[in-house]
Amino acid sequence: MTAVPEPGCPRTPARRLRFGAAMRVKSGADFAQAYKLGVRDDARWVVVYGRANGCTHARLGLSISRKVGGAVVRNRLKRLLREAFRLRQHELAPGIDLIVVGRPHEFRPVADYEGVLVRASSRLAARLSPGTGSKPELPHG
RNA sequence: UUGGUCAGACGAUCGCUUGCGGGGCAACCCGCAGGAGGAAAGUCCGAACACGACAGGACACGAUGGUGGCUAACGACCACCGGCCCCGGCGCAGGGGUCAGGGACAGUGCCACAGAAAACAAACCGCCACCGCAAGGUGGUAAGGGUGAAACGGUGCGGUAAGAGCGCACCGCUCCUCUGGUGACAGAGGAGGCAGGGCAAACCCCAUCGCGUGCAAGCGCAAGCAGCCCCCGCCGCAAGGCACCUGUUGUCCGCAGGAUGGGGCGGGUCGCGUGCUCCGAGCUGUCCGGCAACGGCAGCCUGAGAGAAAUGAUCGUCGCCCGCAAGGGAACAGAAUUCGGCUUACGACCAGAUCU
RNA sequence: GCGCCGGUAGCUCAGUUGGCUAGAGCACACCCCUGAUAAGGGUGAGGUCGAAGGUUCGAUUCCUUUCCGGCGCA
């Protein structure tokens, strides 16, 4: 967990922490391919599927079903996960799509989701890179 | 229980998104402004809007159902009428609640069990008269008993062999007339001795209304692939020159066809744009009309438009509740074309009424 | 966003001119059969018919509202 920023002294990372449209997975085919061909990491409050995306940065895709809760609950969980991804985007393994599937649970602080994403990203990257020189070049979605 | 108000506030940092302005070849960056609800929900009704269908009529189907109003429209809303229930000691005046509240001589159907009998009317026990020694039979009666949710007006008196609206009084009911009311209906007067159960949220009849599908409607632009149709081998203005494949039994000429391919046309997938949100709503009024719903007038104020889908995250201060304190808590809930209602979920506060 | 189905015993399902006892199979309990099981036979228990309200003398059934599941439409 990073230090809580003092008031008036926000975190000043080396790079900007943006979250634009290019950092999201939008195509249904990308989701289907991640489910079918990608690797899976079982985190505590979510399940993360990984898939090489051919980009120079990580991308985030969210799948929050109605089992998680009502529209308010689902919106809030998506916002928390997006915030975690945004804050840790430079520490995540590049070139991997993270498809995050939510599970029903009590909300956690954003820091917990940050840890989950970073851990899942490193594990998925380790499983995707070794011995996968014949990894098919996936088209950029 | 009714009505109303709000939906913690402010600030900092980091973000998302729309519009405008500026910069950049571009990716993108900067500035300013805006950015969830009273129910955004359920999708139960009604409309706008769009496309399709459509001469008119009839049938079918669906919805509604006291009267009048309100409205763009409605099954919503308002007022009134009537029935039922409650309060008012009974009763009256009155007040409150509730009702899908047209039609049961247009027709069909159902009413289990019990009961003699459940809809044409009849008669189990009784009661009375007559016959008979008796058992019982014949006739009269529908008052009484009993069954049932419901049994062919109710109570009382007279009357009678016993009884019966058979007669009378009151109540109820039906019909007629008059009066009042736009009307549902109400009141008064008169006549009738009583007509004859319930169910139409059973089929149905009557009256009124309703075309179907829905923004994933629809309109425009339009990669790639495939299909259909047309043209084309290349150079050249043209004459002409050069050239691929197949067939014409071998070769050449000639003729016919084809062509991986190129171009065009229409339809149209991914996608993009549009529909898409500023001209209608809201608030206020010693204003006007109306009991009210609502309408009119005047003034003021106001801007979500996303599209794997924004409206957020963290921190601080203050305010509210619980707790001595540390600390904890703050409901229901997230726009998806837009409005008018209904229903459901739910926190706090204010005012009124009622109960304890 | 729009539309369409379903909810009955622990599970899977029946149940129409509204009334009869709300049934069937599996599962469960007990008994018989066997040296002991399984199978088989017999007996039995188990139901707010998703919830609320209404119509009716009477509702699983009819009507309205609501809750919870499921499906379809690009």
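Structure report, in brief. (Residues numbered from 1 in each chain as written. Chains lettered and ligands numbered in written order. Predicted model: local features only at pLDDT ≥ 70, side-chain atom pairs only at ≥ 80, totals over all residues. Heavy atoms only, no water.)

Observations regarding the environment of glutamate 83
Here is step 1: Among the secondary structure elements, glutamate 83 is positioned in helix H2 (residues 71-87).
Here is step 2: Note: C-alpha distance between glutamate 83 and valine 116 (33 residues apart in sequence) is 13 Å.
Here is step 3: At 2.7 Å, the side chain of glutamate 83 forms a polar contact with the side chain of arginine 86. (Helix = DSSP H or I, 4+ residues; strand = E, 2+ residues; numbered from the N terminus. Polar contact = N/O pair within 3.5 Å; in protein donor to acceptor, adjacent residues only side chain to side chain.)

With respect to the pattern of salt bridges
Here is step 1: The final tally for this structure, using the stated rule, is 12 salt bridges.
Here is step 2: Notably, a salt bridge pairs arginine 40 with aspartate 42, separated by 3.9 Å at the nearest N-O pair.
Here is step 3: In this structure arginine 40 comes out as partly exposed when scored by relative accessible area, which is 43%.
Here is step 4: Given the relative accessible area of 43%, aspartate 42 is considered partly exposed.
Here is step 5: As a salt-bridge pair, glutamate 83 and arginine 86 come within 2.7 Å of each other at their nearest N and O atoms. With glutamate 83 and arginine 86 both in helix H2 and 3 residues apart, the pair spans about one turn of that helix. (Salt bridge = Lys/Arg side-chain N within 4 Å of Asp/Glu carboxyl O. Buried < 20%, exposed > 50% of the residue type's maximum accessible area, 1.4 Å probe, protein only.)

A closer look at the protein's contact with RNA strand B
Here is step 1: Surrounding RNA strand B, one finds 19 residues, the nearest of these being Arg16, Gly28, Arg76, Arg79 and Arg86.
Here is step 2: Considering the 4 Å shell around the protein, atoms of RNA strand B inside it are sugar or phosphate in 65% of instances.
Here is step 3: Residue phenylalanine 19 places a main-chain N or O atom 3.4 Å away from a phosphate oxygen belonging to RNA strand B.
Here is step 4: Between RNA strand B and arginine 24 there is a distance of 3.5 Å, counted from a sugar or linking oxygen to a side-chain nitrogen or oxygen.
Here is step 5: Broken down by element, the surface near RNA strand B gets its largest block of residues, 8 residues, from H2. (Near = heavy atom within 4 Å.)

Re H2
Here is step 1: With 17 residues, H2 ought to run about 24 Å at 1.5 Å a step, and its terminal C-alpha atoms sit 24 Å apart, in line with that.
Here is step 2: Where H2 is buried, its residues contact strand E2 (46-52), strand E3 (59-63), strand E4 (96-102) and helix H3 (110-128). (Expected span 1.5 Å × (residues − 1). Contact = heavy atoms within 4.5 Å.)

Some remarks on the pairing of E3
If a strand is regular, its side chains alternate between the two faces of the sheet.
Here is step 1: Pairing between E3 and E4: 5 bridges, direction parallel. Paired with leucine 60 across the bridge in E4 is leucine 98. (Pairing = 2+ DSSP bridges.)

Comments concerning the nonpolar core
Here is step 1: In this structure, Val46, Val48, Leu81, Phe85, Leu98, Val100 and Tyr113 are the most contacted members of the largest nonpolar core, which totals 28 residues.
Here is step 2: Elements represented by at least two residues in this core include exactly E2, H2, E4 and H3.
Here is step 3: If you tally residues by element for this core, the top one is H3, at 7 residues.
Here is step 4: Other than its neighbours up to four places away in sequence, leucine 81 contacts Val46, Leu60, Leu62, Ile64, Val100, Tyr113 and Leu117. (Core = buried A, V, L, I, M, F, W, Y, C linked by side-chain atoms within 4.5 Å.)

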